[in-house]
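Here are the chains, one letter per residue:
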Amino acid sequence: MAIRDILKMGDARLLRVAKAITEFDTDALHLLVLDMLDTMRAADGAGLAAPQIGVDLQLVVFGSGERIARYPDAPPIARTILLNPRITPLAEPGAQGAVLEQEDWEGCLSVPGLRAIVPRFARIRYTGFDPYGDPIDRTVEGFHARVVQHECDHLIGVLYPMRVRDFTRFGFADVLFPGLAPTQDD
């Protein structure tokens, strides 16, 4: 379909709260999804949220079903198209109700060239709908949970630098990881 321009941090449109999708299985929605998947693939991203291409709708796409070169140790995530998502943090099994966070490196297509350590819930349940209006309900952890939380943050106007707690672990990827091949961002 079409590769869209990705908005960069500083563009006020990235700070808006996206609107819920009320009409499913429309030609316009299916075309938007195809554009988002093409844009994510072209940028070699792990995910993409509609606000990143200037569309104020609660729509995220992520995963490809294959390993991502920039995350060789991360398991593949099935390609997912998620509308009107809701995230619920979950306790780890045996953690006696404690919801745990994990810290790991993140980047973003809207914050090119930078990386930071970002805390995220280790285990979540996410719900929402596919483009046809069929419900999605998954419990995930690790990298999958991180990607979902990162993309869904875009729907409430939050970029990952807003979640950074320790700015000594925030900087340019080529400085933080010298010798690694230059890569696109998530």
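I will try to describe carefully the structure that is included in this document.

Calculation notes
Residues numbered from 1 in each chain as written. Predicted model: local features only at pLDDT ≥ 70, side-chain atom pairs only at ≥ 80, totals over all residues. Heavy atoms only, no water. Helix = DSSP H or I, 4+ residues; strand = E, 2+ residues; numbered from the N terminus. Rg over C-alpha atoms; globule rule 2.2 N^0.38 Å. Buried < 20%, exposed > 50% of the residue type's maximum accessible area, 1.4 Å probe, protein only. Contact = heavy atoms within 4.5 Å. Areas by Shrake-Rupley, 256 points an atom, 1.4 Å probe, with all protein chains shown as cover. Lys, Arg positive; Asp, Glu negative; His and termini not counted. Charge placed at Lys NZ, Arg CZ, Asp CG, Glu CD. Pairing = 2+ DSSP bridges. Axes fitted to C-alpha atoms, helices over the stretch in contact; angles between N-to-C directions. Phe/Tyr/Trp six-rings, centres within 6.5 Å; stacked < 30°, edge-to-face > 60°. Core = buried A, V, L, I, M, F, W, Y, C linked by side-chain atoms within 4.5 Å.

**Notes on the overall build of the protein**
Along the backbone of the protein there are three helices and eight strands. Taken from N to C terminus, the helices and strands of the protein fall in the order α-β-β-β-β-β-β-β-α-β-α. For 186 residues, the compact-globule formula gives about 16 Å, and the C-alpha radius of gyration of the protein, at 16 Å, lands near that figure. Along the first, second and third principal axes, the C-alpha atoms of the protein reach 45 × 40 × 30 Å. Expressed as a percentage of the 186 residues in the protein, the buried residues total 48%. A sequence separation of at least 24 residues applies to 67% of the contacts in the protein between residues at least 6 apart. A total accessible area of about 9400 Å² is found for the protein, and carbon and sulfur atoms account for 54% of it. Treating the 19 positive side-chain charges of the protein as one cloud and the 26 negative ones as another, the clouds have centres 3 Å apart.

**Some details on the sheet that holds strand S5 (residues 111-121)**
The strand order across the open sheet formed by three strands is S4-S5-S8, and the pairing between neighbours is antiparallel. One side of each edge strand has no neighbouring strand; the edge strands of this open sheet are strand S4 (101-108) and strand S8 (170-172). Averaged over all pairs of adjacent strands, the angle between their axes in this sheet comes to 20°, without regard to strand direction. Note that S4 and S5 share seven bridges and pair antiparallel. In the sheet register, Glu103 faces S5, and the bridge partner there is Pro119. Lying over the sheet, helix H2 (residues 142-154) contacts S4 and S5, oriented at roughly 60° with respect to S4.

**Structural notes on the pairing of strand S6 (residues 123-129)**
In S6, alternate side chains face the same way, and those of Ile124, Tyr126 and Gly128 are buried while those of Arg123, Arg125, Thr127 and Phe129 on the opposite face are not. With seven bridges joining them, S6 and strand S7 (residues 135-141) adopt antiparallel strand pairing. Across the sheet, residue Thr127 finds its bridge partner in S7, namely Asp137. Between the end of S6 and the start of S7, which pair antiparallel, lie five residues, with Gly133 showing a positive phi angle near 90°.

**Considerations on the packing of aromatic side chains**
Applying the stated rule across the entire model yields five aromatic pairs. Ring centres of Tyr160 and Phe170 lie 6.3 Å apart, and the angle between their planes is 80°; this geometry places the pair in the edge-to-face category. Taken together, the residues span a long stretch of sequence, with Tyr160 in the loop between H2 and S8 and Phe170 in strand S8 at a distance of 10 residues. The class for Tyr160 is buried, based on a relative accessible area of 1%. Where Phe167 meets Phe170, the ring centres are 5.7 Å apart and the plane angle is 80°; that geometry is what we call edge-to-face. Using a relative accessible area of 24% as the deciding quantity, one classes Phe170 as partly exposed. Chaining the aromatic ring pairs together yields one cluster made of Tyr160, Phe167 and Phe170.

**Digging into unusual backbone geometry**
Its identity is not glycine, yet Asp25 carries a phi of approximately 55°, on the positive side. Its location among the elements puts Asp25 in the segment before helix H1 (27-42). Its relative accessible area of 44% is what places Asp25 among the partly exposed residues. Residue Asp44 is not a glycine yet carries a positive backbone phi of 55°. Note on placement: Asp44 falls in the loop between H1 and strand S1 (47-49).

**Considering the nonpolar core**
By size, the foremost hydrophobic cluster in this structure holds 20 residues, and its most contacted members are Val60, Phe62, Tyr126 and Phe143. With five residues, H2 is the largest single contributor of residues to this core. With residues near it in sequence (within four places) discarded, Phe62 still touches Met40, Ala46, Gly47, Ile77, Ala78, Arg79, Thr80, Leu82, Tyr126, His144, Val147 and Val148. Counting 18 residues, the second-largest nonpolar core is a separate cluster that includes Ile21, Ile53, Val55 and Leu109.

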